[in-house]
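This is what each chain is made of:
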Amino acid sequence: MSHTTDLIKNVSIAGHGQTGKTTLFERLLFAGGVIPRAETVESGKTVGDSSPEEIERKISIHAALGHIERNGTKINIFDTPGSSDFTGDVILSFRAAEFALLAVDGRSGVQIETIKLWRNLDGRGKPRGIFVTKLDNDQADFDKALADIKEKFKVDPVPVTLPMGSGGAFKGVIDVLHEKAYFVQGEAIEKEGPIPDEFRDTVAAAREKLIEAAAEGDDTLMEHYIDKGSLSPDEMQKGLIEALAENKYVPAFAGAALKNSGIVPLIDFIADLGPGARTAKDLVLDAEGKEQIVPLDPDKPLSALVIKTAYDQFSGKLSWIKIISGKLVADSEAFNVSEHKKERIGKLYTCQGKKLEEVKELFAGDVGIITKSPNLKTNDTIAAADGGFNFVHLRLPEPVHSMAVNATAKKDDDKLGEFLVRAAEEDKTFRYNFNAETKETVISGMGELQINIILEKIRTNQKIEIETHVPKVAYRETITKKAGAEYTHKKQTGGHGQYGKVLLEIAPLPRGTNYQFVNAIFGGAIPKNYIPGVEKGVVEGMAHGTMASYPVVDVEVKIVDGKYHPVDSSELSFKLAARNAFRDAMRHANPTLLEPVMNLTVFVEEKYLGDVMSDLSGKRGKILGQDSSGGIAEIHAEVPQAELLRYSIDLRSITSGTGSFSVAFDHYAPISGRIADDVIKARETFKIQEADE
Ligand SMILES: Nc1nc2c(ncn2[C@@H]2O[C@H](COP(=O)(O)OP(=O)(O)OP(=O)(O)O)[C@@H](O)[C@H]2O)c(=O)[nH]1
Ligand SMILES: [Mg+2]
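Residues numbered from 1 in each chain as written. Chains lettered and ligands numbered in written order. Predicted model: local features only at pLDDT ≥ 70, side-chain atom pairs only at ≥ 80, totals over all residues. Heavy atoms only, no water.

Draft legend 1. The arrangement of the overall build of the protein chain in detail. Looking only at helices and strands, the protein chain features 16 helices and 37 strands. Seen through its principal axes, the protein chain has C-alpha atoms that stretch 110 × 60 × 55 Å. Counting contacts in the protein chain only where the partners sit at least 6 residues apart, residues at least 24 apart contribute 71% of the total. Surface summary for the protein chain: the accessible area is close to 30,200 Å², and the carbon and sulfur share equals 51%. Positive and negative side-chain charges of the protein chain, numbering 85 and 103 respectively, have mean locations separated by a distance of 5 Å. (Helix = DSSP H or I, 4+ residues; strand = E, 2+ residues; numbered from the N terminus. Contact = heavy atoms within 4.5 Å. Areas by Shrake-Rupley, 256 points an atom, 1.4 Å probe, with all protein chains shown as cover. Lys, Arg positive; Asp, Glu negative; His and termini not counted. Charge placed at Lys NZ, Arg CZ, Asp CG, Glu CD.)

Draft legend 2. Broad picture of the nonpolar core. Leu24, Ile130 and Leu240 are the most contacted members of the largest nonpolar core, which has 83 residues in total. Among the elements that make up this core, the one with the highest residue count is helix α9 (residues 263-273) (eight residues). Once you skip the residues sitting within four places of it in the chain, Ile130 turns out to touch Leu101, Leu102, Val104, Trp118, Ile149, Val250, Pro251, Ala252 and Phe253. Ile479, Ile506, Ala577 and Phe582 belong to the second largest nonpolar core, which has 26 residues in total. (Core = buried A, V, L, I, M, F, W, Y, C linked by side-chain atoms within 4.5 Å. Buried < 20%, exposed > 50% of the residue type's maximum accessible area, 1.4 Å probe, protein only.)

Draft legend 3. Examining the pattern of salt bridges more closely. Counted according to the given criterion, the structure contains 48 salt bridges. With a shortest N-O distance of 2.9 Å, Asp366 and Lys74 are connected by a salt bridge. Taken together, the positions of Asp366 in the loop between β21 (361-363) and β22 (367-371) and Lys74 in strand β3 (residues 73-79) put the pair 292 residues apart, joining distant regions of the chain. Judged by relative accessible area, which is 1%, Lys74 ranks as buried. Glu540 serves as the salt-bridge partner of Arg579, at 2.7 Å between the closest nitrogen and oxygen. Here Arg579, found in helix α13 (residues 571-588), pairs with Glu540, found in helix α12 (residues 531-543); they are 39 residues apart in sequence, far enough to count as distant. Given the relative accessible area of 31%, Arg579 is considered partly exposed. Here the residues in one salt-bridge network are Lys150, Asp156 and Lys209, joined through shared partners. (Salt bridge = Lys/Arg side-chain N within 4 Å of Asp/Glu carboxyl O.)

Quick look at the structure:
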């Protein structure tokens, strides 16, 4: 069944790893009547974790989509992965949803991913709520979790539900808004009942806080509240809707998803007070290439965005699509604006996890699926007509972990290539590229786990035998002082000889300048038509430095004098002379190796700060600055790339998997002593290998 825009809401469940998101998703579908019984993640049968790799590891790896209906409103729900390796799917769900629900473990409180996700939501101005779950665990503490949020995010969450007891004594939750209690019923859906007397005072205080949040919703309500000291239920509802849509307060919910607790009042809240599809906006690039905010609008012609591509074992290629304006109709024709091609729209679906449900149309605000379209790619814009605008591509963090990979048998190269194309389409944080300099195919992503899962798929699903190794570092060579050299290329071979003499002067240039060629020949010592040959020789000479055969950079090369022979000279002679002259000059110019230095930002809990800092200093890192707030430290440093090739693994072990980082190339810096000697030595074996091949 299709729902119209005003009857659609999209919610993303996100949060730190293992906080119970998939369990919550499962219980929402159960309470919503979608599935007859709720499964546990351990059973491997949940709707959320349905791929073989998720079932095997008992963690979420891909976003899952499902929906429930409450009072005619369709609530699309995304269950997203908690591991930062799969952050791409979290970010796409944030784009597609009007409301994010952050799952927080009642015992652990705010964790590092919670903070990163919060920041991402801040950047979008996206309304969000907190679901404090696992309150049935010993030492779980709802109030403490909220205090933690207040301390770390400087916002005071407003409880919509409150727990009754905790740990072994956890009995259920109280819906503060509707003043009802919900009692745990084992495997069954929680049961409504009156509020036990012992909680009356806490509920009254919480209700007061909720009314204040509602009054913030608009000025007239605030006046009423100040005048009367309270708000009517209708006013309260209106105020809470408006204030949440404007991200003015953060509702907090208590629960224990595994015990089906806190689920029904959560659904009620989202259905009645959560931001609706109409509050969404998106970003397009207009015809002039300028970014424009566009509101979601059912009354405009069709526009839609492909938010995700997945390949399912049974259903084949699935293109997830969010409708931003108008409606998408099955068996129709639209335009793929990104490709400037007509797009034949066949069947349309919504889904409950991997189970597809056919629909006739999808209205603005809804998220659905197009199957088996060979042309659709993630980030494509679908519209009623070609041209005009394109949706802005989803912004994702840059990869931080890389691995070089090659098929053991040459015949598998193409198959491996095809798989990598598909993997990169499925997860936009995963990249692959052939590095022509190091002659390696390097795959990169957000962490070791993501890369290992891809490698495993290559080996087991694709049955391709592969070899992997740490990617090579692209070192450079340069010079540190001026030098000159003279070289005569002379060959007498019967008839025509070869003759060319060049005198070069080379000098260091500032870092990053790469190369400058200066022709300072006076009086035709070398005729003009041979100068390009000279430059070619210099460029060839610079391709392989004299230290370890790495490319030479940041050198000015001046041709100052030379000699030619009217018969024997040729471009080739001058090229060879220049190449050798360059190499001779370089040897006298005090050459040095350069290594790439990265700009690193590390994000860790404060208690790990000391260990992270000392590890970085052991990695020849230069600390540029450090910031701490709410128990989380952010460290900025410059660190040689050679030291960071395994950093995601190192940081994980230092921080028990909680730390994260981003990294980007910054500059090249000289190395000397043992470090340089090691690089030169490693290159010697590499060169021998190359010669063997
Ligand atoms: N005691 C208790 N355990 C829970 C509750 N909710 C989830 N769990 C358990 O916590 C573990 C993680 O649950 P998941 O639902 O997979 O957590 P998740 O946030 O989806 O995990 P990722 O997707 O990997 O980030 C599982 O063993 C669940 O059974 C709860 O309310 N109480
Ligand atoms: Mg999960």
